[in-house]
Amino acid sequence: MTPSPIAAVAGALGFLSRVPVGHSDARWDAFRRTPAAIPAVGYPIGALLALPIAAVALAPGGIGAAVPTETVAVVFVAWLYAVTGITHLDGVADLGDAAVVHGDAERRLEVLKDSSLGVGGALALAVVVLGLAAGAALVVDLARVAPLPAVGLVIGAEVAAKAATAALVCVGEAPHGGLGSALTAESGPRSLVWVGAVAAPVALVGWPALAPGIAVLVAAALVAAAALWWASARIGGVSGDVLGATNEISRVVGLHMGVIAWTLS
């Protein structure tokens, strides 16, 4: 039976954010069988995340200009994790620890399952969160001169990050049971067509310039390819931690690349 698109999107929104849409087994089942639902919810989630940027850009008088860029960047980071939760950051930390451990794939999988935080995980978290704050600062500065493209880049980076995650769901195989297995076992490479179709409008977020949106999509594709290569070579497949880390890293890289492309266009 083909899963309901509405149930799949509702399930994805409930799983990938803290938006109170409710949870049910039917929605979860529809979500895990529909990878395209992952980038689909990037649009509403991205719109929520863009609110601090929009507030600065659209504030009356000189209020927006008076708020320091760094302050808005910190608010953006805090607001982002209030909306999305910190589950994916756990994946960043676990992969950071696994990346620096000596040993074979079995040893790295043991580290992934270990809930304690090591130096590698702490460093990975610091780089991702600082990178996110720096990317937010770039977007804030852009918003002061080009409000709509700035908001569009936030939304586009979120959609692209989730498309990168969905791509791994379509082409990856999990090394063990768990979240990764629950998602990858239900999809195949043919689902990439729908994931790409849902993410394609991101190319227009900097309209009339196309370079910013394309840069965001390319950034996400490169991160997904690197994550797939590393996961396949180092831990034997795509785990839930790999999916979560891919989302976080793609978002950061997408914000930076989008602003750079806008500046050069």
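Read on for a plain summary of the structure. (Residues numbered from 1 in each chain as written. Predicted model: local features only at pLDDT ≥ 70, side-chain atom pairs only at ≥ 80, totals over all residues. Heavy atoms only, no water.)

**So, the nonpolar core**
Part 1: Ile53, Phe76, Leu132, Val154 and Val242 are the most contacted members of the largest nonpolar core, which totals 73 residues.
Part 2: Filtering out sequence-adjacent residues up to four positions away, leucine 132 remains in contact with Phe76, Val77, Leu80, Tyr81, Arg251, Val252 and Leu255. (Core = buried A, V, L, I, M, F, W, Y, C linked by side-chain atoms within 4.5 Å. Buried < 20%, exposed > 50% of the residue type's maximum accessible area, 1.4 Å probe, protein only. Contact = heavy atoms within 4.5 Å.)

**Overview of a nonpolar patch on the surface**
Part 1: Judged by side-chain polarity, Leu204, Trp207, Leu210, Ile214, Val218 and Leu222 come together as a nonpolar surface patch covering roughly 610 Å² of accessible area.
Part 2: With respect to the element layout, leucine 204 can be found in the loop between helix H13 (192–199) and helix H14 (211–234). (Patch = residues over 30% accessible without salt bridge, like charges linked within 9 Å, V, L, I, M, F, W, Y side chains within 5 Å. Areas by Shrake-Rupley, 256 points an atom, 1.4 Å probe, with all protein chains shown as cover. Salt bridge = Lys/Arg side-chain N within 4 Å of Asp/Glu carboxyl O. Helix = DSSP H or I, 4+ residues; strand = E, 2+ residues; numbered from the N terminus.)

**Description of H14**
Part 1: Counted at 1.5 Å a residue, the expected span for H14 with its 24 residues is 34 Å, and the 34 Å between its end C-alpha atoms agrees.
Part 2: Contact partners of the buried residues in H14: helix H8 (87–100), helix H11 (147–171) and helix H15 (240–264).
Part 3: A positive backbone phi angle near 85 degrees is found at glycine 236, which sits one or two residues after H14. (Expected span 1.5 Å × (residues − 1).)

**As for the side chain of serine 187**
Part 1: Considering the arrangement of structural elements, one finds serine 187 in the loop between helix H12 (179–184) and H13.
Part 2: Taking relative accessible area as the criterion, serine 187 reaches 15% and is therefore assigned buried.
Part 3: Among residues more than four places away in sequence, those in contact with serine 187 are Arg32, Arg33, Pro35, Val169 and Cys170.

**Observations concerning the pattern of salt bridges**
Part 1: Under the counting rule described, the total for this entry stands at five salt bridges.
Part 2: One salt bridge connects arginine 33 with aspartate 29, and the closest N-O pair in it is separated by 3.2 Å.
Part 3: Look at arginine 33 and you get partly exposed, because its relative accessible area is 29%.
Part 4: Across the pair lysine 162 and glutamate 158 runs a salt bridge whose closest N-O atoms are separated by 2.5 Å. On the criterion of helical spacing, the pair formed by lysine 162 and glutamate 158 is a turn pair, its members being four residues apart in helix H11. Comparing lysine 162 with glutamate 158, the two get one shared label, buried.

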